[in-house]
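The residues making up each chain are set out below.
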Protein chains: 2
Amino acid sequence: MAPELEIAAHRVLTREELRARLQSVGEAQYHHRHPFHLRMHRGELSRGQLQAWALNRYYYQSRIPIKDALVLAKSDDPAFRRVWRKRILDHDGDQSGYGGIEKWIQLAEATGLTRDQVTSCSGILPGVRYAVDAYLSLVQNGSLLVAVASSLTELFSRDLITLRMEMLRQHYPYLAHGLAYFEGRLTQAPEDAAFALDYVCTHAPTREQQESAIGALTRKCEILWAQLDAIDYAYVQPGNIPPGGFAPQV
Amino acid sequence: MAPELEIAAHRVLTREELRARLQSVGEAQYHHRHPFHLRMHRGELSRGQLQAWALNRYYYQSRIPIKDALVLAKSDDPAFRRVWRKRILDHDGDQSGYGGIEKWIQLAEATGLTRDQVTSCSGILPGVRYAVDAYLSLVQNGSLLVAVASSLTELFSRDLITLRMEMLRQHYPYLAHGLAYFEGRLTQAPEDAAFALDYVCTHAPTREQQESAIGALTRKCEILWAQLDAIDYAYVQPGNIPPGGFAPQV
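Residues numbered from 1 in each chain as written. Chains lettered and ligands numbered in written order. Predicted model: local features only at pLDDT ≥ 70, side-chain atom pairs only at ≥ 80, totals over all residues.

1. Quick notes on the overall build of chain A
Right, on to step 1. Along chain A, the regular secondary structure elements total 12 helices and zero strands.
Right, on to step 2. Of the regular secondary structure in chain A, the N- to C-terminal order runs α-α-α-α-α-α-α-α-α-α-α-α.
Right, on to step 3. By the compact-globule yardstick of 18 Å for 250 residues, chain A fits well, its C-alpha radius of gyration being 19 Å.
Right, on to step 4. Taking the principal axes of its C-alpha atoms as reference, chain A extends roughly 60 × 45 × 35 Å. (Helix = DSSP H or I, 4+ residues; strand = E, 2+ residues; numbered from the N terminus. Rg over C-alpha atoms; globule rule 2.2 N^0.38 Å.)

Now the structure itself:
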């Protein structure tokens with residue numbers, strides 16, 4: 001490697017350069033490009049396939065506030081915790097319980113599943129479970145910087161959610177009354193992402209820390225992608241549902 | 001549920017009943033039935049697909065002695081540890097380093113991969129990594145009984161390995177000189193399984209413990225199965241290799 005490139009590999013990135021690197025991870029690896037999402041947006045999924053998706057992704061949704069509690073537990077700064085705490089509220093709701101998890105259950109019900117089928121988490125694909133648990137493990141075992149950076153997939157979710165809501169309404173009208181989860185995320189995710197991005201830019205003063213943040217976002221993209229790999233494998237070609245996996249009746 | 005069945009649900013199983021329950025888990029869920037193994041045994045895999053399999057399964061092989069060290073660390077009985085220690089030796093080898101891991105590298109080389117491609121673990125599918133890490137987590141967080149019971153997939157491996165060696169020799173003759181790993185496992189696995197089965201039958205005096213052992217074997221079958229799900233998904237249909245995954249050149 002030429003000497004000037006070796007120096008460049010250790011130079012601290014400017015805030016704009018770091019943002020650009022994070023952005024490029026998302027463009028290459030965020031799950032907006034995943035074959036299962038492409039099928040969904042082309043209107044090719046059956047009701048049973050949408051059930052399998054909603055059921056399996058419920059496991060991810062159900063772990064998000066646990067993930068955020070692990071993040072809270074890493075910070076000794078009340079100001080940080082006050083801001084981050086909002087995420088738990090967004091998903092768990094207030095006293096009435098009406099938060100993101102409840103809204104996801106309503107989406108799953110719109111596909112034709114019962115509440116019990118969803119919340120029992122029986123029939124979740126092992127591959128989905130392992131990927132989600134790997135996210136908890138990444139957050140639990142990483143630094144606070146890594147934990148925050150792994151949330152930066154929210155930088156990319158707004159465009160995907162906007163497209164998805166349009167495509168779900170167009171191709172699967174029976175889901176139209178179950179889209180409150182996505183409506184909420186349209187405003188929540190960008191607010192959360194802006195805070196997390198500012199945190200990462202401010203709290204990664206060395207190139208090594210910057211690279212660990214970029215690596216954490218890459219790992220998180222892999223975790224989202226692998227969940228869809230498992231769903232696409234099990235529910236698109238016949239004969240691939242693993243023993244014990246949810247079997248759609250429609 | 002009828003009262004006699006409720007009682008039956010809490011009755012301690014006889015040794016023979018417990019063996020039969022464990023056996024039936026294997027018949028239903030061991031990965032001898034997985035579509036990818038069926039393709040392999042029918043001779044349908046390309047060299048590139050066998051490379052992807054050998055490369056990805058190397059990650060599993062490389063974690064086995066770490067798993068066994070976690071098991072050792074759970075036991076306060078020198079007699080148990082003396083027996084279990086053999087597993088680490090089998091995989092890591094003696095001073096010459098010639099153990100199961102080295103033999104697996106030779107199998108991977110027979111597919112056409114270089115040693116570096118294999119041992120760097122770059123290009124391993126995230127789904128395979130998460131499943132293997134879930135095995136380490138099961139062993140680390142479970143009781144010694146659960147850790148030992150999760151090894152009982154070795155009860156079923158001899159038949160699969162016997163069939164596999166015959167089919168690999170028949171359909172993929174270029175692998176014939178790379179089968180030392182399987183030859184070793186033909187005698188190692190049944191010895192190990194006999195000890196582990198006796199341990200489980202002796203150290204699960206309550207029905208609850210017996211069920212936890214059966215559950216651990218079920219979880220382990222899911223872990224093996226999910227690894228093949230990820231490989232089958234990425235390498236059988238075109239267009240499914242995730243960003244960063246190994247791309248066969250042949």
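2. Remarks on the interface of chain B and chain A
Right, on to step 1. Between chain B and chain A, the contact holds 20 residues from the first and 20 residues from the second.
Right, on to step 2. Residue assignment for the side of chain B that touches chain A shows that the elements contributing at least two residues are helix H2 (15-29), helix H8 (126-141) and helix H12 (207-236) of chain B.
Right, on to step 3. It is H12(B) that contributes the most residues to the side of chain B that touches chain A, seven residues altogether.
Right, on to step 4. When its residues are assigned to classes, the side of chain B that touches chain A shows 12 nonpolar, four polar and four charged. (Contact = placed C-beta atoms within 7 Å. Nonpolar A, V, L, I, M, F, W, Y, C, P; charged D, E, K, R; others polar.)

3. Here's the deal with the relation of the copies chain B and chain A
Right, on to step 1. When chain B is fitted to chain A, the residual RMSD is 0.0 Å, and the transformation amounts to a turn of 180° plus an axial shift of 0.0 Å. Within this description, the copies of the chain are treated as partners about a two-fold rotation axis.
Right, on to step 2. Taken together, the interface assignments show that 100% of the residues at the interface of chain B recur at the interface of chain A, consistent with an identical surface on both copies. (Least-squares fit on C-alpha atoms with pLDDT ≥ 70 in both.)

4. Here's the deal with helix H6 (residues 100-111) of chain B
The α-helix winds at 3.6 residues per turn, so residues separated by three or four positions along the chain end up facing the same way.
Residues and elements named next belong to chain B.
Right, on to step 1. The terminal C-alpha atoms of H6 lie 17 Å apart, and with 12 residues this matches the ideal 16 Å at 1.5 Å per residue to within 8%.
Right, on to step 2. Restricting attention to buried positions, one finds in H6 the residues Gly 100, Ile 101, Lys 103, Trp 104, Ile 105, Leu 107, Ala 108, Ala 110 and Thr 111.
Right, on to step 3. Looking at the buried positions of H6, the neighbouring elements they touch are helix H4 (47-74), helix H5 (78-92), helix H7 (115-119) and helix H11 (180-202).
Right, on to step 4. Two residues or fewer past H6, Gly 112 is found with a positive phi of approximately 115°. (Expected span 1.5 Å × (residues − 1). Buried ≥ 20, exposed ≤ 12 C-beta atoms within 10 Å, placed from the backbone.)

5. Quick notes on unusual backbone geometry
All names here are of chain A.
Right, on to step 1. Of note in this structure, Cys 121 is not a glycine but carries a positive phi near 55°.
Right, on to step 2. Within the element layout of this structure, Cys 121 appears in the loop between helix H7 (115-119) and helix H8 (126-141).
Right, on to step 3. By C-beta crowding, Cys 121 is classed as partly exposed, having 13 other C-beta atoms within 10 Å.

6. As for H8(A)
Right, on to step 1. With 16 residues, H8(A) extends 22 Å between its outermost C-alpha atoms, agreeing within 8% with the 22 Å of an ideal straight helix rising 1.5 Å per residue.
Right, on to step 2. Within H8(A), the full set of buried residues consists of Pro126(A), Gly127(A), Val128(A), Arg129(A), Tyr130(A), Ala131(A), Val132(A), Ala134(A), Tyr135(A) and Val139(A).
Right, on to step 3. Among the structural elements, helix H4 (47-74), helix H9 (144-149) and helix H12 (207-236) of chain A together with H8 and H12 of chain B are those in contact with the buried residues of H8(A).

7. Some words on the packing of H4(A) against helix H6 (residues 100-111) of chain A
All names here are of chain A.
Right, on to step 1. Remark: H4 packs on H6, axes separated minimally by 9 Å, with the N-to-C direction vectors making an angle of 165°. With respect to their mutual orientation, H4 and H6 come out roughly antiparallel. Crossing hand, H4 versus H6: left-handed. Mapping the contact onto sequence places Arg 47, Leu 50, Gln 51, Ala 54, Leu 55, Tyr 58, Gln 61 and Ser 62 in H4 and Gly 100, Ile 101, Trp 104, Leu 107, Ala 108 and Thr 111 in H6.
Right, on to step 2. The residue inventory of the contact of H4 with H6, partitioned by class, reads eight nonpolar, five polar and one charged. (Axes fitted to C-alpha atoms, helices over the stretch in contact; angles between N-to-C directions. Parallel < 35°, antiparallel > 145°, perpendicular 65-115°, else oblique. Left-handed = near helix turned anticlockwise from the far one by under 90°.)

8. A look at the packing of H8(A) against H8(B)
Right, on to step 1. Between H8(A) and H8(B), whose axes approach to 9 Å, the crossing angle comes to 80°. On the basis of their axis angle, the class for H8(A) and H8(B) is roughly perpendicular. Contacts between H8(A) and H8(B) pair Gly127(A), Tyr130(A), Ala131(A), Asp133(A) and Ala134(A) from the former with Gly127(B), Tyr130(B), Ala131(B), Asp133(B) and Ala134(B) from the latter.
Right, on to step 2. Here the residues of the contact of H8(A) with H8(B) are counted per class, giving six nonpolar, two polar and two charged.

9. Structural notes on the environment of His31(A)
Residues and elements named next belong to chain A.
Right, on to step 1. Residue placement: His 31 occurs in the loop between helix H2 (15-29) and helix H3 (35-41).
Right, on to step 2. Here His 31 falls in the buried class, since 23 other C-beta atoms lie within 10 Å of it.
Right, on to step 3. Residues His 31 and Arg 219, spaced 188 residues apart in sequence, show a C-alpha to C-alpha distance of 12 Å.
Right, on to step 4. Setting aside anything within four residues of it in sequence, one finds His 31 in contact with His 37, Leu 224, Trp 225 and Leu 228.

10. A few points about the nonpolar core
Right, on to step 1. Counting 122 residues, the largest nonpolar core has Ile231(A) and Ile231(B) as the members making the most contacts within it.
Right, on to step 2. Every residue in contact with Ile231(A), bar those within four places of it in the chain, is listed here: Phe36(A), Ala52(A), Trp53(A), Asn56(A), Leu125(A) and Val128(A). (Core = buried A, V, L, I, M, F, W, Y, C linked by C-beta atoms within 7 Å.)

11. Quick word on the environment of Gln140(B)
All names here are of chain B.
Right, on to step 1. Secondary-structure assignment places Gln 140 in helix H8.
Right, on to step 2. In this structure Gln 140 comes out as partly exposed when scored by C-beta crowding, with 14 C-beta atoms within 10 Å.
Right, on to step 3. C-alpha separation for the pair Gln 140 and Val 200, spaced 60 residues apart in sequence, amounts to 17 Å.

12. Things to note about the confidence of the model for chain A
Parts of the prediction with low pLDDT should not have their coordinates interpreted in detail.
Right, on to step 1. When pLDDT is averaged along chain A, the result is 95, and 97% of the positions lie at 70 or above.
Right, on to step 2. Across the interface, the model reports ipTM at 0.86; the global pTM reads 0.91. (pLDDT = per-residue confidence, 0-100.)

13. Brief notes about the environment of Leu224(B)
Residues and elements named next belong to chain B.
Right, on to step 1. Looking at the element boundaries, Leu 224 is found in helix H12.
Right, on to step 2. Among the residues examined, Leu 224 registers 22 C-beta atoms within 10 Å and is labelled buried.
Right, on to step 3. Apart from the residues lying within four places of it in its own chain, the contact partners of Leu 224 are His 31 and Thr 153.

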